[in-house]
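Reading the structure
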Amino acid sequence: MKTVRIGAGLGFYGDSWRPVRASIERGGVQYIASDHLSELTLAILQKDRQKGTASAPPAGYARDCVPMLAELWPLAAKHGVKFVLNAGGLNPEGARHAIAKTFRDKGWQAKIATVTGDSVLERIDELRAAGEALAHMDSGADIASVRDRMLFANAYLGAQPIAEALAQGADIVLTGRVADAALTLGPLAHEFGWRWDDWDRLAAGLTLGHLLECSGQGSGGNFGSAGEWAKVPDYAHLGYPIAEVSADGSALFTKPPGTGGRVSFDTIRQQLLYEVHDPHAYYSPDVVLDMGTLKFDDVGNDRVRVSGASGAARPNTLKIVAGYQDGWMGTGMIGFAWPEAYAKCEKSAEIIQTLVSERGWALEDTNVEYIGYNSLLGANADPTYRDQLNECFLRMTIRTRDKRIADGFGRLFPWLGLSGPPYVGSLKGVQPAKELLGIWPTLVKRELVEKNLKIEIETI
Amino acid sequence: MKVALWRIAHARSGDKADRADIGLFAYDAETYAVLKREVTRERLAAHFAGFNTGPVELWPLDNILALKIVLNGALQGGAARSLRMDNLGKNVAAQLLRMEIEAPQDLPRMKPVK
């Protein structure tokens, strides 16, 4: 009986591809599904596109796909492994050209496809003229309020163009924004010839794609728990997850032999619900998944059987996520040792607040955190030992419309070293203003986006 | 007796725009029944008061012994405009594991108090 093995590639732009080698060498995978784009990554790529220099020309794609393929392709070609990646970001063709150049320089052969049509930044007016309000999905706010500050706007495409590119013989498929799980569903639908209205099978593929899309989080990484995390073996060599899928969509979820990490009922159910809203209606461009009927059978030795997905018809809309400029963040930090480490941080915050108000700076928001006490747990930090801390760091951040204020804020802090409370550390320079971005999620009729879909294949 | 969730459950959190979402998982079926009864939207709203500004949503998933929790309005508008150290809400699950509920003291896989 035919099975298809798909392995996780990266889980974000900047993730490590070192573990992918084991999946190709020992995991028997036929595909690597590599997710380079978090909700925020397009914002980073937009800045990259704006700020190119002579030595690093503007790219707009996730640059790590080039060295990743340069390192892994000889091994992948030997094992007949194909890559599906959304590393194209805002410029899939640019990514293709960069990879093609590398392959030509090395004398390698491959068919590289790009899927484009997801970017709608230049089409906002056209879409509105076609009757799409593009109002904020949650608040209902009018897009006019952010239109002139918008930096990117991309629709989440589905798995169909990926399957189509594979059907045309592509060895590497580069996309821009697609639903993360489409990187897995595309190859599965192509291999098994699933119909695009076979909702249960598509839902099964979506489930597996979701379990694979965060690399190590699907195989024991970031296992949120007290104590249990310490039982995950060999983090240093943690293997990325692999799904061995049957034609009916059921799968054995595992990882390459001889690697660290853990695939178990506990670790993969954490990934199943990760960044999910209503688990009975998990939307994708291809199908709506109900997670309530899934069955996970832990059969031991890092293997879990996954079955029982149920799907409902795909939505008539696609989700767009746009990003807009939303002010500037200024940051200041200073640390103190015992005695009264926390009290000295608190006093410093008070001094800084005084300096800010004397300058009359217009701030939209101020955030005061104490690293070593509450910077990660917030109001749920336990104050029992607050006044006996060995050391504590004050971190203050502000939001302002004025970049100069954001830059100036950090410069208030070094002065405290000689003129503030004693036993000070962390005077390691001043942090410059950081641009902040608002996220604008909205919906659009799918045919208005899909009419611009384009698949191109370059043979090297 | 009062039991903190970290002794009987595990959890992971993530972000989508201004929403922080948490998966809370019982180690066994008996504990799951307790979580389902005791971890209510009202108690969650109280535990996250001062952190979350929007409504709390909650779905039980009997098939994987889990509760799915969504805090609508917990991330200062979203990770890319948040001023917090934990802009991605990765530690919201740790915050939840500090919540205390009423639970029997003989649950099968209860961890000892540290």
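The paragraphs below set out a description of the structure included in this document. (Residues numbered from 1 in each chain as written. Chains lettered and ligands numbered in written order. Predicted model: local features only at pLDDT ≥ 70, side-chain atom pairs only at ≥ 80, totals over all residues.)

Points about the overall build of chain A
Applicable threshold: Numbered from the N terminus, helices here are DSSP runs of H or I no shorter than four residues, and strands are runs of E no shorter than two. It is the C-beta atoms, placed from the backbone, that decide contacts: two residues are in contact if theirs lie within 7 Å.
Helix and strand counts for chain A come out as 13 helices and 19 strands. In terms of overall dimensions, chain A has C-alpha extents of about 75 × 55 × 50 Å along its principal axes. Intrachain contacts of chain A at a sequence separation of at least 6 include 76% that bridge at least 24 residues.

Considerations on the overall build of chain B
Heads up, the rule is: A radius of gyration in this sense is built from C-alpha atoms; the matching globule rule multiplies 2.2 Å by the number of residues raised to 0.38. For the exposure call, what matters is how many other C-beta atoms sit within 10 Å of a residue's own: 20 or more marks it buried, 12 or fewer exposed, and in between partly exposed, using C-beta atoms placed from the backbone.
If you tally the helices and strands in chain B, you get three helices and six strands. Counting helices and strands in the order they occur from the N terminus, chain B gives β-β-β-α-α-β-β-α-β. Relative to the 2.2 N^0.38 estimate, which gives 13 Å for 114 residues, the radius of gyration of chain B is 14 Å and therefore close to what a compact globule would have. By residue count, 53% of the 114 residues in chain B fall in the buried class. Taking as baseline every contact in chain B between residues at least 6 positions apart, the subset at least 24 positions apart corresponds to 61%.

So, the sheet that holds strand 3 (residues 19–26) of chain B
Rules: Strands were regarded as paired on the criterion that DSSP finds at least two bridges between them. The angle between two axes is taken between their N-to-C directions and runs from 0 to 180 degrees, where each axis is a line fitted to C-alpha atoms and a helix contributes only its stretch in contact.
In spatial order, the strands read 2-3-5-4 (chain B); together these four strands make up an open sheet with antiparallel pairing. Two strands lie at the open edges of the sheet, namely strand 2 (9–16) and strand 4 (56–61) of chain B, each paired on one side alone. Ignoring strand direction, the axes of neighbouring strands in this sheet form an average angle of 15 degrees. With six bridges joining them, strand 4 of chain B and strand 5 (residues 66–72) of chain B adopt antiparallel strand pairing. What sits directly across from Pro60(B), in strand 5 of chain B, is Leu67(B). Its contacts with the sheet put helix 9 (residues 265–272) of chain A on strand 2, strand 3 and strand 5 of chain B, and the angle it makes with strand 3 of chain B is roughly 155 degrees. The strands touched by helix 1 (residues 29–38) of chain B within the sheet are strand 2, strand 3, strand 4 and strand 5 of chain B, with strand 3 of chain B carrying the most contacts at an inclination of about 140 degrees.

Re the pairing of strand 3 of chain B
Regular strands show a simple pattern: their side chains alternate between the two faces of the sheet. All names here are of chain B. With eight of its eight residues buried, strand 3 lies for the most part within the structure. Here strand 3 shows no split at all, with Arg19, Asp21, Gly23 and Phe25 on one side and Ala20, Ile22, Leu24 and Ala26 on the other all buried. In the sheet, strand 2 pairs with strand 3 via eight bridges, with the strands oriented antiparallel. Each residue of the ladder has a partner; that of Ser13, found in strand 3, is Ile22. Hairpin connection between strand 2 and strand 3: a loop of two residues separates the two successive antiparallel strands, and Ala17 in this loop has a positive phi of roughly 50 degrees. Two strands pair when backbone bridges link them, and strand 3 and strand 5 are joined in this way by seven bridges, in the antiparallel orientation. Looking across to strand 5, one finds that Arg19 is bridged to Asn72.

A word on the interface of chain B and chain A
Keep this limit in mind: Here the nonpolar group is Ala, Val, Leu, Ile, Met, Phe, Trp, Tyr, Cys and Pro; Asp, Glu, Lys and Arg are the charged ones; every other residue, Gly included, is treated as polar.
Contacts between the two partners involve 37 residues from chain B, matched on the other side by 48 residues from chain A. For the side of chain B that touches chain A, the elements supplying multiple residues, two or more each, are strand 2, strand 3, strand 4, strand 5 and helix 3 (92–97) of chain B. By residue class, the composition of the side of chain B that touches chain A is 17 nonpolar, nine polar and eleven charged.

Some words on the pairing of strand 2 (residues 31–34) of chain A
All names here are of chain A. We apply this condition: Crossover handedness is defined here as right-handed if the route from the first strand over the helix to the second strand goes clockwise, with the strands pointing away from the viewer.
Side-chain alternation along strand 2 places Tyr31 and Ala33 on one buried face and Ile32 and Ser34 on a second face that is also buried. By the bridge criterion, three bridges tie strand 1 (residues 3–8) to strand 2 in an arrangement that is parallel. Residue pairing in the sheet places Gly7 in a bridge with Ile32 of strand 2. A crossover links strand 1 with its parallel partner strand 2, the connecting element being helix 1 (residues 20–25), and its sense is right-handed.

Some thoughts on the packing of helix 3 (residues 65–79) of chain A against helix 4 (residues 92–106) of chain A
Residue and element names in this part refer to chain A. Our working definition: Working rule for handedness: look at the near helix, and if it is turned counterclockwise from the far one by less than a right angle, call the crossing left-handed; if clockwise, right-handed.
Contact geometry of helix 3 with helix 4 gives a least axis separation of 10 Å together with a crossing angle of 30 degrees. Of the two possible hands of crossing, helix 3 and helix 4 adopt the one that is right-handed. Facing Cys65, Val66, Leu69 and Ala70 of helix 3, the residues of helix 4 in contact are Ala95, Ala98, Ile99 and Thr102. The residue inventory of the contact of helix 3 with helix 4, partitioned by class, reads seven nonpolar, one polar and no charged.

Thoughts on the sheet that holds strand 6 (residues 172–175) of chain A
Residue and element names in this part refer to chain A. If you trace the ten strands from one edge of the open sheet to the other, you get 11-12-8-7-1-2-3-6-4-19, paired in mixed fashion. Two strands lie at the open edges of the sheet, namely strand 11 (295–298) and strand 19 (454–459), each paired on one side alone. Averaged over all neighbouring strand pairs, the angle between strand axes comes to 20 degrees, with direction disregarded. As paired strands, strand 1 and strand 7 (residues 242–246) are joined by five bridges and run antiparallel to one another. Among the inter-strand pairings, Ile6 is bridged to a residue of strand 7, identified as Ala243. Relative to the sheet, helix 9 contacts strand 8 (251–254), strand 11 and strand 12 (304–307), its axis offset from that of strand 11 by approximately 155 degrees.

So, helix 4 of chain A
Residue and element names in this part refer to chain A. The condition that has to hold: The length a helix should cover is 1.5 Å for every residue beyond the first.
Across its 15 residues, helix 4 extends 21 Å between first and last C-alpha, which sits within 8% of the 21 Å expected from 1.5 Å per residue. If you check which residues of helix 4 are buried, you get Pro92, Gly94, Ala95, Arg96 and Ile99. Its buried side turned inward, helix 4 meets helix 3, strand 4 (111–116), strand 6 and strand 19. Count one or two residues on from helix 4 and you reach Gly107, which has phi positive near 75 degrees.

Some points on the packing of helix 6 (residues 160–167) of chain A against helix 7 (residues 182–192) of chain A
All names here are of chain A. This is how the line gets drawn: Roughly parallel means an angle under 35 degrees; roughly antiparallel means over 145; roughly perpendicular covers 65 to 115; every other angle is labelled oblique.
Two numbers describe how helix 6 lies on helix 7: the axes approach to 8 Å, and their chain directions differ by 50 degrees. Taken together, the axis directions place helix 6 and helix 7 in an arrangement best described as oblique. Regarding helix 6 and helix 7, the two cross each other, and that crossing is right-handed. The residues of helix 7 that touch helix 6, namely those facing Ile162, Ala163, Leu166 and Ala167, are Ala182, Gly186, Pro187, Ala189 and His190. Class assignment of the residues belonging to the contact of helix 6 with helix 7 gives a composition of seven nonpolar, two polar and no charged.

Details of unusual backbone geometry
In this chain, Trp338(A) is followed by Pro339(A) through a cis amide linkage whose omega measures 5 degrees. Phi angles above zero are rare outside glycine, and Ser215(A) is one such case at about 40 degrees. Relative to the helices and strands, Ser215(A) resides in the loop between helix 8 (199–212) and strand 7. The residue Ala17(B) is not glycine, and still its phi comes out positive at about 50 degrees. Among the structural elements, Ala17(B) can be located in the loop between strand 2 and strand 3.

Remember, this is a structural readout, not a statement about activity or role.
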